[in-house]
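# Survey of secondary and tertiary structure
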Amino acid sequence: MFSFEHTPSASPLVETVWRGQSERAGSFPSLATSQSEIVITKYAGKTTLTVRGPETRATLADAPADAEFFGITLRLGAFIPSLPSAALVDRHATLPEAASQSFWLDDTALTLPNFEDADDFVESLVQRGLLKYEASVEVMLRDQSLRSDESLRSFQRRFLNATGLTQRTVRQIERAREALALLEGGRSIADVVFQAGYSDQPHMTKALRQLVGRTPAQVVNEVW
């Protein structure tokens, strides 16, 4: 029903670049994610550019038949200042068209990117100040020691401003996605509970049901 292709990116602000196509109408699971995405959709002769914020729960995403998708998944900490991440949590914003094959971001008309020039497109956003990166996000996720409570509070504010999420929520999402990858790779549920750092199996089951949309047993059954 859906075909997807991913490719790594040379841009330090991009996690991955992907594209896909729906052969017929249907839905697919959209996992919780801590990162934002720029998504271009082509359907019925119309092209739209959407900025998707982080998602704190698994959902079913609908897709019409014969639609084409191209996405740029941003690195955690990369954000568009005019579209605050906090305002896009579990939401999205569709940017207005400027002309054929272009759109408005702030007061700037930008040409729609494609799969092959995604890195150049991201670099153009950076040069125009339309995309920024908050370095403190990486510092906080690495649990690097800070000199004072005041520094900690400042970093927490900057983390929330850049990602729209708290550190705790980001870690919960990343842990669930790690557990999913391990289960899909054939690891046993008991092994994944330990390796992903869950306190017990019920804890992991609850987390995956909310963030992945499936229980560990359901994932294992799909694999086998």
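Let me begin by describing the structure that accompanies this report. Model, not experiment: these values are computed from the prediction. (Residues numbered from 1 in each chain as written. Predicted model: local features only at pLDDT ≥ 70, side-chain atom pairs only at ≥ 80, totals over all residues. Heavy atoms only, no water.)

## Focus on helix α4 (residues 167–184)
The condition that has to hold: The helix count covers DSSP runs of H or I at least four residues long, the strand count covers runs of E at least two residues long, and both are numbered beginning at the N terminus. Helix span is expected to be 1.5 Å times the residue number reduced by one.
Taking 1.5 Å per residue as the helical rise, α4 with its 18 residues ought to reach 26 Å, and the 26 Å between its terminal C-alpha atoms agrees with that figure. Within two residues after α4, G186 carries a phi angle of roughly 100°, on the positive side.

## Some details on empty space enclosed by the protein
Rolled over the atoms, a probe with the dimensions of a water molecule shows which regions are left empty. Note the cut-off: Using protein atoms alone on a 1 Å grid, points that fit a 1.4 Å probe yet trap it form a cavity, whereas open point sets bounded by protein on both sides within 12 Å along at least five of seven lines form a pocket; residues with an atom within 4 Å of a point count as lining. Grid points are joined across faces, edges and corners, and a volume is the space filled by probe spheres set on the points. Residues are sorted three ways: Asp, Glu, Lys and Arg are charged, Ala, Val, Leu, Ile, Met, Phe, Trp, Tyr, Cys and Pro are nonpolar, and all the rest, Gly among them, are polar.
Tallying each qualifying case throughout the model produces three cavities of 30 Å³ or more. Roughly 50 Å³ of volume is contained in the largest cavity. Forming the walls of the largest cavity are S36, V51, L74, A78, F79, I80, L83, S85 and L88. Residues of the lining of the largest cavity, tallied by class, amount to seven nonpolar, two polar and no charged. Considering only enclosed or pocket space, the second largest cavity measures out at about 40 Å³ in volume.

## Brief notes about unusual backbone geometry
Heads up, the condition is: When accessible area is computed with a 1.4 Å probe and restricted to protein chains, residues below 20% of their type maximum are described as buried, those above 50% as exposed, and intermediate ones as partly exposed.
Of note, Q101 is a non-glycine position whose phi angle comes to about 65°, a positive value. With respect to the element layout, Q101 can be found in the loop between β10 (97–99) and β11 (102–105). Overall, Q101 belongs to the partly exposed group, its relative accessible area being 42%. With a phi angle near 60°, D106 is a residue other than glycine that sits in the positive phi range. For D106, a relative accessible area of 46% translates into the label partly exposed.

## Looking at the sheet that holds β10
Our working rule: Between any two strands, at least two bridges found by DSSP are needed for them to pair. Axes, fitted as lines to C-alpha atoms, cover a helix only where it is in contact. Angles between the N-to-C directions of the axes lie from 0 to 180 degrees.
Strand order in the open sheet formed by three strands is β10-β11-β12, with antiparallel pairing between adjacent strands. Whereas interior strands pair on both sides, the edge strands pair on one side only; in this sheet they are β10 and β12 (108–111). Within this sheet the neighbouring strands show an average axis-to-axis angle of 45°, counted without direction. Bridging between β11 and β12 involves four bridges; their strand directions are antiparallel. Each bridged residue has a counterpart across the sheet, and for L105 the counterpart in β12 is T108.

## As for the layout of surface pockets
Within this model, the largest pocket holds a volume of roughly 1,200 Å³. In the lining of the largest pocket, the residues fall into 13 nonpolar, 13 polar and ten charged. Computed from the structure, the second largest pocket encloses a volume of approximately 320 Å³. Broken down by secondary-structure element, the contributors of at least two residues to the lining of the second largest pocket are α4 and α6 (201–211).

## Thoughts on the packing of aromatic side chains
The geometry of an aromatic ring pair is captured by two quantities: the separation of the ring centres and the angle between the planes. Filter applied, for reference: Here the aromatic set is Phe, Tyr and Trp, taking the six-membered ring for Trp, and pairing holds for ring centres within 6.5 Å; pairs whose planes are under 30 degrees apart are stacked, those over 60 apart are edge-to-face, and all others are tilted. Cation placement over rings: the criterion is NZ of Lys or CZ of Arg within 6 Å of the ring centroid and within 35° of the ring normal.
Inspection of the entire model under this criterion finds two aromatic pairs. Ring centres 6.3 Å apart and planes at 75° place the aromatic pair F70 and F115 in the edge-to-face group. Of this pair, F70 sits in strand β7 (residues 68–74) while F115 sits in the loop between β12 and α1 (118–127), and the two are 45 residues apart along the sequence. According to the relative accessible area criterion, F70 is buried, its value standing at 7%. Geometry around F115 places R19 over its ring, the cationic atom sitting 3.9 Å from the centre.

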